[in-house]
Amino acid sequence: MKSAAHQLHQTTSVTRALAPSSSPKPLQPTMAAPSPTTTHHRLLLPASTHRRAAALAPSTVRLPIRARTAHGARICAAAAPAASTASPPSSAAVAVEGKPTVLVAEKLGAAGLALLREFANVDCSYGLSPEELRAKISLCDALIVRSGTKVGRDVFEASGGRLRVVGRAGVGIDNVDLAAATEHGCLVVNAPTANTVAAAEHGIALLCGMARNIAQADASLKAGKWARNKYVGVSLVGKTLAILGFGKVGSEVARRAKGLGMHVIAHDPYASADRARAIGVELVSMEEAMTTADFISLHMPLTPATNKMLNDEAFAKMKKGVRIINVARGGVIDEDALVRALDAGIVAQAALDVFTKEPPAADSKLVLHENVTVTPHLGASTVEAQEGVAIEIAEAVTGALKGELAASAVNAPMVPAEVLSELAPFVVLAEKLGRLAVQLVAGGGGIKSVKVTYASARAPDDLDTRLLRAMITKGVIEPISDAFVNLVNADFTAKQRGIRISEERILMDGSPETPLDYIQVQIAHVESKFPSAISESGEITVEGKVKDGVPHLTKVGAFEVDVSMEGSLILCRQVDQPGMIGAVGSVLGEENVNVSFMSVGRIAPRKRAVMAIGVDEEPSKSTLTKIGKIPAIEEFVFLKL
């Protein structure tokens, strides 16, 4: 048995994209000096990794030839396609000997088709009915679609296992059943980068057109009117533009707006302050962005956190006469609230390319409003962008058919059953710790450094942490990003966002039968919404263990807790005195909020303590306000797990 003094610390810095190789390489950690004593704790359950990757350039790993079993397929790329014995519905669907067959079900640019034809037999069959698609698919190795073709479970079942790649020529993958694709061993790839400039240009076009009433003046003149005085616009020079979501498109909009003489500010929790300064953009809080902007341009993804983010409450905070541009996702705006804000004069004008429901209703009050300029989701609709998308998806599909997995892979590769079974609760723990830690971050400075510590009795070679690291990355990045993170693209996605993920392994005494004793996640150089989550060394720190197969949160900052990581969580820092559990429980009970777990960790009796409360329902704002008003409650935060 080893003593605590012989605990071994290994640190690996993970800041690179996955490089092309013939096979995925295991992590090779370097030795580091021992660190001070650590505390141990508990863990969780699994979550789906069928998510989209946001990638700037293809980064690939070689996959083995797919092996089928009686229980289904394992995701991997394949060799030459197996011959089909089915009767082809059309001669175009028959593969040329030695070449795979790619079915292009919606219009694709000529450059993309040319790339495909260099490698595969290409069948361009547009406008197929669902029945015709199912009839053809069993003779195809790959399928390329846009948004108009639904690729559901029935399509994968009809393929009989031959379909190996589905390519979505564009970003969104709502029309592809990712779970069914993964179950049938089919890789899904998309084209997330080619339309960046087109979307940014359209945002600027809407900005300028709205400011000068171009659309309204055009319609008026064509109706025989000469209303010069009615359509007096506003200048852009010297005005403040707030960009919400400073990713690829947002930063391109910023560059162009600076050229128009605008003062540009931005809010994005993951944006690099250095990158923003290089463009001449100031990163600010959401509150400051909304209260000071003359124009607000939206470029964030649609996630549970951003759904209807611009609502009545948000509009009430804005400067009177603000103007809104949205070329991102329709759902980030509460459209009824926007109509009310327009009618009240809070919002002077809006220019929208996207809507909650597309196409919107013909009698939509928002679309018909005289102060709203609308376009039918044209952000990516340029000749150049469409050709770029065609080339990007053709490269991704042909690469996958050759046995390479691109960083634009949308669904995760299958993990061997025995590994997944052993790591399943720790995989969920890892994601939830990442998700919890990022929700504790305050301010708009951006996350730059995440440290993960694994405590285990296993030797380094017996514990592959790549999947766990990927799930922590997923938990940190996905809540407020449009990136879908999996084992293949996690490192690339983190690097793309300027986040350094470092790992440390602590060799513990004990039985190596259990993969891990605890996982700890730390985020450095940030402020916290819950200051008690800051450890003595200055990082937001959360730690967890798996207990009886269920993930548990066991440490927040310097405070020991023990609460199951299910549902949602309320953390309260309080003076350690009698009656606190009852006081908080009574408030929740009065509001019909069910408590699932409660744990109190303290430094010493009658000093400071942290109460962790698991709840089944999300408390209302008034309920949380009541908790904050309880005497001896010094700070609190509500977190969704």
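Quick notes on the rules
- Residues numbered from 1 in each chain as written.
- Predicted model: local features only at pLDDT ≥ 70, side-chain atom pairs only at ≥ 80, totals over all residues.
- Heavy atoms only, no water.
- Salt bridge = Lys/Arg side-chain N within 4 Å of Asp/Glu carboxyl O.
- Helix = DSSP H or I, 4+ residues; strand = E, 2+ residues; numbered from the N terminus.
- Pairing = 2+ DSSP bridges.
- Axes fitted to C-alpha atoms, helices over the stretch in contact; angles between N-to-C directions.
- Contact = heavy atoms within 4.5 Å.
- Phe/Tyr/Trp six-rings, centres within 6.5 Å; stacked < 30°, edge-to-face > 60°.
- Lys NZ or Arg CZ within 6 Å of the ring centre and 35° of its normal.
- pLDDT = per-residue confidence, 0-100.
- Parallel < 35°, antiparallel > 145°, perpendicular 65-115°, else oblique.
- Left-handed = near helix turned anticlockwise from the far one by under 90°.
- Nonpolar A, V, L, I, M, F, W, Y, C, P; charged D, E, K, R; others polar.
- Expected span 1.5 Å × (residues − 1).
- Buried < 20%, exposed > 50% of the residue type's maximum accessible area, 1.4 Å probe, protein only.

Scanning the entire structure with this criterion turns up 26 salt bridges. A salt bridge links arginine 340 to aspartate 312; the shortest N-O distance between them is 2.7 Å. Taken together, the positions of arginine 340 in helix H11 (residues 335-344) and aspartate 312 in helix H10 (residues 312-317) put the pair 28 residues apart, joining distant regions of the chain. It is possible to trace a salt-bridge network through shared partners that takes in Arg573, Arg608, Glu634 and Glu635.

Across the sheet, which stays open at both edges, the 4 strands sit in the order S28-S29-S27-S30 with antiparallel pairing between neighbours. Since the sheet does not close on itself, it has two edges, and those belong to strand S28 (595-602) and strand S30 (633-640), each with one partner. For this sheet, the mean inter-axis angle between neighbouring strands, taken without regard to orientation, is 15 degrees. Summarising the sheet, S28 and strand S29 (residues 608-615) pair through 7 bridges and their orientation is antiparallel. Pairing of methionine 598 across the sheet is with isoleucine 613, part of S29. Helix H17 (residues 580-590) rests against strand S27 (568-575), S28, S29 and S30 of the sheet, and its axis sits at about 30 degrees to S29. Seen against the sheet, helix H18 (residues 621-628) touches S27 and S30 and runs at an angle of roughly 150 degrees to S30.

Let's shift gears to the packing of aromatic side chains. Overall, the coordinates contain 0 aromatic pairs when judged by the stated rule. For the cation-ring pair, lysine 402 lies above phenylalanine 119, with the distance from its terminal atom to the ring centre recorded as 5.4 Å.

Below, the discussion takes up the confidence of the model for the protein. Detail in the predicted coordinates should be disregarded across regions flagged by low pLDDT. Averaged over the protein, the pLDDT score is 82; the fraction of residues at 70 or greater is 82%. Here residues 1-96 is modelled with pLDDT under 50, and outside its nearest four sequence neighbours on either side it reaches 298 contacts, counting other chains as well.

A few words on the packing of helix H5 (residues 196-211) against helix H7 (residues 248-259). Following both chains from N to C, one finds H5 and H7 inclined at 50 degrees, their axes separated by 8 Å at the closest point. As far as their axial angle goes, H7 and H5 are oblique. Classified by chirality, the crossing of H7 by H5 is right-handed. Contacts between H5 and H7 involve Thr196, Val197, Ala199, Ala200, Glu201 and Ile204 on the former and, on the latter, Lys248, Val249, Glu252, Val253, Arg256 and Ala257. Taken together, the residues that form the contact of H5 with H7 break down as 7 nonpolar, 1 polar and 4 charged.

All right, on to H7 then. In an α-helix there are 3.6 residues to a turn, and that puts residues three or four apart on one side. The terminal C-alpha atoms of H7 lie 17 Å apart, and with 12 residues this matches the ideal 16 Å at 1.5 Å per residue to within 8%. Buried within H7 are the following residues: Gly250, Ser251, Glu252, Val253, Ala254 and Ala257. Taken together, the buried residues of H7 touch H5, strand S11 (240-244), strand S12 (263-267), helix H8 (273-279) and strand S14 (295-298). In the stretch just after H7, glycine 261 is the one whose phi turns positive, near 85 degrees.

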